[in-house]
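Observations on chain architecture
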Amino acid sequence: MEISLLSGALGAEVKGINLKDSSDDNWQQINKLMLEHKVLFFRDQDISSEEQINLAKKFGPLEKHVYVKGLKNYPEIVRIIKGPEEKHQWGETWHTDVSYSSKPTKVIILRSRKIPPVGGDTMFSNMEIAYETLDEDIKKKIEGKKAIHTSLGAAAFVDKYEEMEANGNLVEYTNEHPIVRTHPETNKKILYVNSMYTKKIIDMEKEESDRILDKIFQHQERLDFTCRFKWTENAVAIWDNRSTQHQGLTDFFPGRGLGFERIMDRIAIEGDHPQ
Ligand code: SIN
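Predicted model only: the values in this text are computed from it and were never measured. (Residues numbered from 1 in each chain as written. Predicted model: local features only at pLDDT ≥ 70, side-chain atom pairs only at ≥ 80, totals over all residues. Heavy atoms only, no water.)

What follows is about the overall build of the protein. If you tally the helices and strands in the protein, you get 6 helices and 16 strands. Viewed in the frame of its principal axes, the protein has a C-alpha envelope of about 50 × 40 × 35 Å. Relative to its full complement of 275 residues, the protein shows a buried share of 55%. Once local pairs closer than 6 in sequence are excluded, the contacts in the protein between residues at least 24 apart make up 84%. A total of about 12,500 Å² of accessible surface is found on the protein, and carbon and sulfur atoms cover 47% of it. On the protein, the mean spot of the 39 positive side-chain charges and the mean spot of the 45 negative ones are 0 Å from each other. (Helix = DSSP H or I, 4+ residues; strand = E, 2+ residues; numbered from the N terminus. Buried < 20%, exposed > 50% of the residue type's maximum accessible area, 1.4 Å probe, protein only. Contact = heavy atoms within 4.5 Å. Areas by Shrake-Rupley, 256 points an atom, 1.4 Å probe, with all protein chains shown as cover. Lys, Arg positive; Asp, Glu negative; His and termini not counted. Charge placed at Lys NZ, Arg CZ, Asp CG, Glu CD.)

Structure (structure tokens):
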């Protein structure tokens, strides 16, 4: 096995592991590496939908997206499609998947099917380091506090994206989570708010809550907490959604990144109640 670190903050590209193999031994090795590096990347893994599902199931029960239709034969797989002339793509600003749920996603397995020659890299950011390096005054202010996370409604997941189809659910979800959660497997502290879904700190005046959240969101965007993956076809990313944020870059500009399709298959694994 060969492991190359993507940045000083997180992320590793792994060679010598076959993702078609969903045996206990293979999964344990993958899980251990994922906990260590937070996001793993594998190239040239031409796995089938069944193989992607089998591997995902090793991490726990699969989660269907609350708003977006999955594939007809594999409802657990959301096919993220950006049409050639689209300038937006799904997941295009920093976020933690589904933090508005009472049990937000544990792990994501994202597999590339079609990739533009340039553009559409995915960035990841390490929220353990974000907590460690947070200003001490802010750490005191948020100690023991929770924040409200709100789903943005079905429209936010489909309206801007020509190829993404809603499943008809119109319920909006709101849940409270600790601002600093403890990772259930590593016991490390994680800064668990994100600018996409976190709206307010509970038991704090709105003005102060806005001010503190803005500062935290700016801090979370520091590039030195990040790594960036340039996709190739049949590549797979497996990430710990509890301790990271991510965004799909929308650098689809005329004469360069625009004019190409981008297709990814996403499977999410159910998480626990953040503590
Ligand atoms: C996502 O936000 O889950 C998708 C990211 C990507 O397609 O790069």
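Having seen the model, we can carry on.
This next bit is on the sheet that holds strand β12 (residues 198-201). The 3 strands are arranged β9-β8-β12 in an open sheet whose pairing can be described as antiparallel. With one partner strand each, in any of the chains shown, β9 (174-178) and β12 form the two edges of the open sheet. Looking at each pair of strands side by side, their axes are set apart by 30° on average, direction ignored. Bridge analysis of strand β8 (residues 146-150) against β12 gives 3 bridges, and the strand direction is antiparallel. For alanine 147, the partnering residue across the bridge sits in β12 and is isoleucine 201. (Pairing = 2+ DSSP bridges. Axes fitted to C-alpha atoms, helices over the stretch in contact; angles between N-to-C directions.)

Right, let's get into helix α6 (residues 206-220). Over its 15 residues, α6 extends 21 Å from the first C-alpha to the last, a length consistent with the 21 Å expected when each residue adds 1.5 Å. The set of residues buried in α6 consists of Ser209, Ile212, Leu213, Ile216, Phe217, His219 and Gln220. The arc that holds the buried residues of α6, viewed along the axis, is 155°, so those residues lie on one side. Among the exposed residues of α6, those oriented more than 90 degrees off its buried face are Glu207 and Gln218. (Expected span 1.5 Å × (residues − 1). Arc of directions from axis to C-beta.)

Scanning the model with the defined rule gives 21 salt bridges in all. Ionic pairing is found between arginine 43 and glutamate 13, a salt bridge with its closest N-O pair at 3.0 Å. One end of the pair, arginine 43, is in the loop between β3 (39-42) and α2 (49-59); the other, glutamate 13, is in strand β2 (residues 12-15), with 30 residues separating them in the sequence. Take arginine 43: its relative accessible area is 25%, and that puts it in the partly exposed class. For aspartate 265, the salt bridge identified is with arginine 113, shortest N-O distance 2.6 Å. Of the two residues, aspartate 265 is situated in strand β16 (residues 262-269) and arginine 113 in strand β6 (residues 107-114); the sequence distance between them amounts to 152 residues. On the basis of relative accessible area, aspartate 265 is assigned to the buried category, the value being 0%. On the basis of relative accessibility, which here comes to 28%, the residue arginine 113 falls in the partly exposed class. (Salt bridge = Lys/Arg side-chain N within 4 Å of Asp/Glu carboxyl O.)

Attention shifts here to the nonpolar core. Ranked by internal contacts, the top residues of the largest apolar core, which has 30 residues, are Val68, Trp90, Met164 and Trp231. Secondary-structure elements contributing two or more residues to this core are β3, β5 (78-82), β6, α5 (154-158), β13 (226-229), β14 (236-240) and β16. In terms of residue count, α5 provides more of this core than any other element does, 3 residues in total. Residue contacts for tryptophan 90: discarding those within four places in its chain leaves His65, Val68, Val78, Ile80, Phe157, Tyr161, Met164 and Arg266. (Core = buried A, V, L, I, M, F, W, Y, C linked by side-chain atoms within 4.5 Å.)

It is worth spelling out unusual backbone geometry at this point. Phi is positive for lysine 38, which is not a glycine, with a value near 75°. Looking at the element boundaries, lysine 38 is found in the loop between α1 (24-37) and β3. Owing to a relative accessible area of 5%, lysine 38 belongs among the buried residues under this scheme. Even without being glycine, valine 98 reaches a positive phi, approximately 60°. Along the chain, the position of valine 98 falls in the loop between β5 and β6.

With that out of the way, let us pick up the site of the ligand. Near the ligand the following residues occur: Ile80, Gly91, His95, Asp97, Leu110, Thr122, His246, Gly248 and Arg262. The separation between an oxygen atom of the ligand and a polar side-chain atom of histidine 95 is 3.1 Å. Between arginine 262 and the ligand, the recorded distance is 2.8 Å, taken from a side-chain N or O atom to an oxygen atom. Burial of the ligand by the protein chains amounts to 100% of its free accessible area of 260 Å². Its residues assigned to classes, the shell around the ligand shows 2 nonpolar, 5 polar and 2 charged. (Near = heavy atom within 4 Å. Polar contact = N/O pair within 3.5 Å; in protein donor to acceptor, adjacent residues only side chain to side chain. Nonpolar A, V, L, I, M, F, W, Y, C, P; charged D, E, K, R; others polar.)

From the geometry alone we can't say anything about function, so treat these as descriptive.
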